[in-house]
Amino acid sequence: MFLAPAAAYLLLFFGYPLAENLVTSFRHHTVTTFYTGEAPFVGLRNYAAILSSERFPTTLLTTALFTAGSVLGQFAVGLALALFFRRRFPLGGLLRSLLLLPWLLPLVVSGTTWRWMLDPDSGVVNAVLRGLHLSSSGVPWLTGTSQALLAVVLVNVWVGIPFNTAILYGGLQDIPTRVYEAAALDGAGRLATFRHITWPLLRPVVSVVLVLGVVYTLKVLDIILVVTGGGPAGATETLATQSYELSFRQYDFGRGAAMGNLLVVLSLVSALAYLRVDRRARAAWEASP
């Protein structure tokens, strides 16, 4: 009975939308369906149309590059900051609190601010580059097909750093200090301490951070829509933005739902694959002398 309210909530707000999305993906569901009530069953045609599209391979590659760059960047900077804040120093708590601001801001606000900062003509980023004589004409962050993807990756890294730092910092706090004291008595240096103590004991937290990072990044929509809109020339179009375009710009809700389901499957496969690799690595480390 205690579990009934939570189970009802999950079924209503998570189970039902997933089931409805799955049903929609097997039908020709367009804007006329809202008036006629008819959505003919088309089977796997929506999935076949998506997978056979000329844009799908490029979109899938862009999604992979965006996800890999964002997750690795967020994790690397987040881990470095977590290790830095592990040391006690004046105003350390205040700085940790201020670090959470990018994560607390609405994504639309963050994206709009970065779009202004990265503007090729009047953006502050190019103004700084010109002032430091690092670029004479500025970088086409939002208009160059190769620079635009880098721009949205950097913005998403900035947004995700606080989350990674907070979780990894909490994991570092759970490592007993006596372990480091024993390592110091044995003459272990910083690199050896990190490799043989910090990293193995932090591995469970790392697994959570990376899995959540992959799942969250695969479905990122706000940042890309606000900063680049999926352009230029589809250079920043991901599976999430294409699902949005199919559903709310082309009003082909059947294909949009199919693309959303593919995104869910991709997230699940990525998470399970990483957890399996991590489990094997952990077992090998525990078995080593």
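Heads up: the structure comes first, above all this text.
The structure reproduced in this document is the subject of the present report. Source: prediction; values computed, not measured.

## What to know about the environment of Leu-268
Then step 1. On the secondary structure map, Leu-268 appears in helix H14 (residues 253-287).
Then step 2. Among the residues examined, Leu-268 registers a relative accessible area of 52% and is labelled exposed.
Then step 3. Sequence separation between Leu-268 and Ala-257 is 11 residues, and the spatial gap between their C-alpha atoms is 17 Å.

## Some words on the packing of aromatic side chains
Then step 1. Counted under the stated rule, the structure contains 14 aromatic pairs.
Then step 2. Ring centres of Tyr-9 and Phe-13 lie 5.0 Å apart, and the angle between their planes is 45°; this geometry places the pair in the tilted category. Placement of the pair is Tyr-9 and Phe-13 together in helix H1 (residues 4-25), with a separation of four residues, close to one helical turn.
Then step 3. Take Tyr-9: its relative accessible area is 46%, and that puts it in the partly exposed class.
Then step 4. Between Phe-26 and Phe-41, the ring centres sit 6.5 Å apart and the planes meet at 40°, which makes this aromatic pair tilted. Taken together, the residues Phe-26 in the loop between H1 and helix H2 (33-36) and Phe-41 in the loop between H2 and helix H3 (45-51) connect sequence positions 15 residues apart.
Then step 5. Accessibility expressed as a relative area gives 58% for Phe-41, which makes it exposed.
Then step 6. Joined through ring pairs, the aromatic side chains of Phe-34, Tyr-244, Phe-248, Tyr-251 and Phe-253 make up one cluster.

## Section: the packing of helix H10 (residues 177-185) against helix H11 (residues 190-218)
Then step 1. The contact between H10 and H11 brings their axes to 11 Å, and the two run at 150°. When the interaxial angle is binned, H10 and H11 end up roughly antiparallel. Of the two possible hands of crossing, H10 and H11 adopt the one that is right-handed. From H10, Val-179, Tyr-180 and Ala-183 reach across to H11, where they touch Thr-193, Ile-197 and Thr-198.
Then step 2. Of the residues that constitute the contact of H10 with H11, the class distribution is four nonpolar, two polar and no charged.

## Description of the side chain of Asn-261
Then step 1. Note that Asn-261 resides in helix H14.
Then step 2. By relative accessible area, which is 12% here, Asn-261 ends up buried.
Then step 3. Side chain to side chain, Asn-261 and Ser-25 meet in a polar contact 3.2 Å long.
Then step 4. Apart from residues no more than four positions distant in its own chain, Asn-261 is found in contact with Asn-21, Leu-22, Ser-25 and Tyr-47.

## Details of the packing of helix H9 (residues 147-173) against H11
Then step 1. Two elements in contact, H9 and H11, have axes whose closest approach is 10 Å; the angle formed by their N-to-C orientations is 150°. The orientation of H9 relative to H11 falls into the category roughly antiparallel. The handedness of the crossing between H9 and H11 is right-handed. Contacts between H9 and H11 involve Asn-156, Phe-163, Asn-164, Ile-167, Leu-168, Gly-171 and Leu-172 from the first element and Thr-198, Leu-202, Val-205, Val-206, Val-209, Leu-212, Tyr-216 and Thr-217 from the second.
Then step 2. The residue inventory of the contact of H9 with H11, partitioned by class, reads 10 nonpolar, five polar and no charged.

## So, H11
Then step 1. For H11, spanning 29 residues, the distance from its first C-alpha to its last is only 35 Å, which falls clearly below the expected 42 Å at 1.5 Å a residue.
Then step 2. Where H11 bends most, the angle comes to about 55°, and this point is Arg-203, followed within four residues by the proline Pro-204.

## Considering the pattern of salt bridges
Then step 1. Overall, the coordinates contain three salt bridges when judged by the stated rule.
Then step 2. Taking the shortest distance from any N to any O, the salt bridge between Arg-55 and Glu-237 comes out at 2.2 Å. Taken together, the positions of Arg-55 in helix H4 (residues 55-85) and Glu-237 in the loop between helix H12 (222-227) and helix H13 (239-248) put the pair 182 residues apart, joining distant regions of the chain.
Then step 3. For Arg-55, a relative accessible area of 34% puts it in the partly exposed group.
Then step 4. We classify Glu-237 as buried; its relative accessible area is 9%.
Then step 5. For Glu-245, the salt bridge is made with Arg-55, and the minimal N-O distance between the two is 3.1 Å. In this pair, Glu-245 is assigned in helix H13 and Arg-55 in helix H4, connecting sequence segments 190 residues apart.
Then step 6. Connected via shared salt-bridge partners are Arg-55, Glu-237 and Glu-245.

Thresholds, definitions, all that
- Residues numbered from 1 in each chain as written.
- Predicted model: local features only at pLDDT ≥ 70, side-chain atom pairs only at ≥ 80, totals over all residues.
- Heavy atoms only, no water.
- Helix = DSSP H or I, 4+ residues; strand = E, 2+ residues; numbered from the N terminus.
- Buried < 20%, exposed > 50% of the residue type's maximum accessible area, 1.4 Å probe, protein only.
- Phe/Tyr/Trp six-rings, centres within 6.5 Å; stacked < 30°, edge-to-face > 60°.
- Axes fitted to C-alpha atoms, helices over the stretch in contact; angles between N-to-C directions.
- Parallel < 35°, antiparallel > 145°, perpendicular 65-115°, else oblique.
- Left-handed = near helix turned anticlockwise from the far one by under 90°.
- Contact = heavy atoms within 4.5 Å.
- Nonpolar A, V, L, I, M, F, W, Y, C, P; charged D, E, K, R; others polar.
- Polar contact = N/O pair within 3.5 Å; in protein donor to acceptor, adjacent residues only side chain to side chain.
- Expected span 1.5 Å × (residues − 1).
- Bend = angle between axes of the 7 residues up to and from the residue.
- Salt bridge = Lys/Arg side-chain N within 4 Å of Asp/Glu carboxyl O.

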